[in-house]
Amino acid sequence: MLADMETKTCAPLGNFIDLMLDAICVVDAEGRFVFVSAACERIFGYAPEEMIGKPMIELVLPEDRPRTLQAAKQIMAGQPNPHFENRYMRKDGQVVHIMWSARWSEREQVRVAVARDVTELKQAASIQAALYAISEAAHAAEDMMALFRRIHRIIGELLPADNFSVALYDAVHDQLSFPYHVDVQEPSPVVRKPAAGTLCAEVIRSGQPLLLTPETLADSPAHLRQIVGRKSLCWLGLPLNSSRGTIGALVLKSYCGGVRYGEKDKELLQFVSNQIATAIERHQLHARLRYMAQYDELTGLPNRGLLFDRLHTALARARREQGRLALLYLDLDKFKQVNDTHGHAVGDQLLRAVARQLKQCVRETDTVARIGGDEFVVLLESLQQPEHAQPAADKLRGALDQPLTIDGHSLRILPSIGVALYPEHGDTAQALLRHADGAMYRAKKGGEPRLPPQDHSLSGDGGCAPQPA
């Protein structure tokens, strides 16, 4: 009978087989097709004569090949498999899900299998599973990058996603960034204005999905044909539409030899893209709330709460390692006069300028915090010697001694600085901050003359008076 099948007999049995919706495949011991029914062309996209002699494994999606070969080995050992599922790549590059019922014929030395296309059923089930997984990821992911990795895995279970990117749009600054980018050929794009010239910008501008393939490219607008990547075979972009507009895009690409995305893939991702947008928006909101809870809104510096967190951590490390640290408490002299004379808008700009100057004067491991009004605290960790705190105070004062031009006004403002050392002036965060605060007020009142720059020893209070303007 198999010999007749190989010649695609026109006998009644052959006609019946050709009319079946499921496909019948016969594969020899070497894994090559020796017979396929006519239904194979509808499922796999190849005419029967194109499949005869072709290794079965070459049509299997690469990710599914190891377990497919293992299943074939078990069937050839006499273990029939009535419900094995894997994915094949059609001739047009699209992926189909197949359920196989297969057995081994010892007499004919072939595997006889019936293939059923279950792509639509798998996709319907996958969409429900994906929606649930995305909702769970939105609550479980620790940070935005963890969320993006989870989303990538979820999308990868729906369809091949070796090349996957998340683009986010900042409407305030009109910028497009790529916080998550996995691509076998192209590096991560830089932050850019989403002007005409990028496919992501087109998706975000229109709020509509975009699928570009060699077949659809010819009918695409001219400006899209000019910016399609020359290396990519397919480009699929889905907008991330949220309650506040389009916040970004999901991008999948395939290159020559890879899968081909189609309209069904586009429709599939549209079902989950809104859920993904909601998950991203939720994480952005939580990140914003965490930022607001820990950072000063005006200057972007750590606030009092974050300062205490870092100070507690630094103290624990200093105790464990028998190290040293210092707190510098700064208050801007005559800052109130700036507000009264030039207005609060100028005062706010001055505070931002002071914050930038202070950050430039310390190491990345140190902390500059604004704890209220015109008061700043600098946490210096890992001091080698206690006398090293005074040069740091001198450096901060010298940086702020330079006139600043703000809104057309030339302003010169100096700080009063109080210094507290661990362990000399306390072993708790509250004790050190209280000591530095007291030293700063004594310095502001002129009760403690500033030590000359060449003498880097500290007075009993560690305070220093401001330089004359």
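Preceding this paragraph is the structure being described.
Here the structure is a predicted model, which means the values were calculated and not measured.

Cut-offs applied
Residues numbered from 1 in each chain as written. Predicted model: local features only at pLDDT ≥ 70, side-chain atom pairs only at ≥ 80, totals over all residues. Heavy atoms only, no water. Salt bridge = Lys/Arg side-chain N within 4 Å of Asp/Glu carboxyl O. Helix = DSSP H or I, 4+ residues; strand = E, 2+ residues; numbered from the N terminus. Buried < 20%, exposed > 50% of the residue type's maximum accessible area, 1.4 Å probe, protein only. Pairing = 2+ DSSP bridges. Axes fitted to C-alpha atoms, helices over the stretch in contact; angles between N-to-C directions. Contact = heavy atoms within 4.5 Å. Parallel < 35°, antiparallel > 145°, perpendicular 65-115°, else oblique. Nonpolar A, V, L, I, M, F, W, Y, C, P; charged D, E, K, R; others polar.

Asks: Outline the pattern of salt bridges, supporting the account with residue identities and numerical values.
Replies: Inspection of every chain in the model, using the stated rule, returns 22 salt bridges. The closest approach of N and O atoms between Arg324 and Glu424, which form a salt bridge, is 2.3 Å. Here Arg324 is found in the loop between helix 12 (304-321) and strand 11 (325-332), whereas its partner Glu424 is found in the loop between strand 16 (415-422) and helix 16 (429-444), with 100 residues between them in sequence. Here Glu424 falls in the partly exposed class, since its relative accessible area comes to 40%. Residue Arg397 is joined to Asp394 by a salt bridge in which the shortest nitrogen-to-oxygen separation is 3.7 Å. Here the residue Arg397 and the residue Asp394 both occupy positions in helix 15 (residues 389-400), the gap between them amounting to 3 residues, near one helical turn. Grouping residues by exposure puts Arg397 and Asp394 together as buried. Residues joined by salt bridges that share partners form a network here, namely Asp64, Arg67 and Arg87.

Asks: Got a sec to walk through the sheet that holds strand 1 (residues 23-28)? Specific residues and values, please.
Replies: Spatially, 2-1-5-4-3 is the arrangement adopted by the 5 strands of the open sheet, whose pairing is antiparallel. The sheet is open, and its two edges are formed by strand 2 (33-36) and strand 3 (81-89), each paired on a single side. Strand-to-strand twist of the sheet, defined as the mean angle between neighbouring strand axes without regard to direction, takes the value 30°. Across 6 bridges, the pairing between strand 1 and strand 5 (residues 110-117) is antiparallel. Within the sheet, the bridge partner assigned to Ile24 lies in strand 5 and is Val114. Packed onto the sheet, helix 5 (residues 65-76) meets strand 3, strand 4 (95-105) and strand 5 and runs at close to 145° relative to strand 3. Where helix 6 (residues 119-140) meets the sheet, it contacts strand 3, strand 4 and strand 5, and its direction lies at approximately 120° from that of strand 4.

Asks: Break down the packing of helix 6 against helix 11 (residues 263-294) for me, with residues and values.
Replies: Angle between the axes and distance between the axes: these two values describe a pair of packed helices. Two numbers describe how helix 6 lies on helix 11: the axes approach to 9 Å, and their chain directions differ by 10°. One element, helix 6, and the other, helix 11, form an angle in the roughly parallel class. When helix 6 is examined against helix 11, the residues Glu120, Gln123, Ile127, Ala130, Leu131, Ile134, Ser135, Ala137, Ala138 and His139 are found in contact with a partner set consisting of Lys264, Asp265, Leu268, Phe271, Val272, Gln275, Ile276, Ala279, Arg282 and His283. Residues belonging to the contact of helix 6 with helix 11 are distributed by class as follows: 11 nonpolar, 5 polar and 4 charged.

Asks: Quick rundown of the environment of Arg107? Include the residues and the values.
Replies: Residue position: Arg107 is located in the loop between strand 4 and strand 5. Owing to a relative accessible area of 75%, Arg107 belongs among the exposed residues under this scheme.

It is worth stressing that arrangement in space is one thing and function is another; only the former is reported here.
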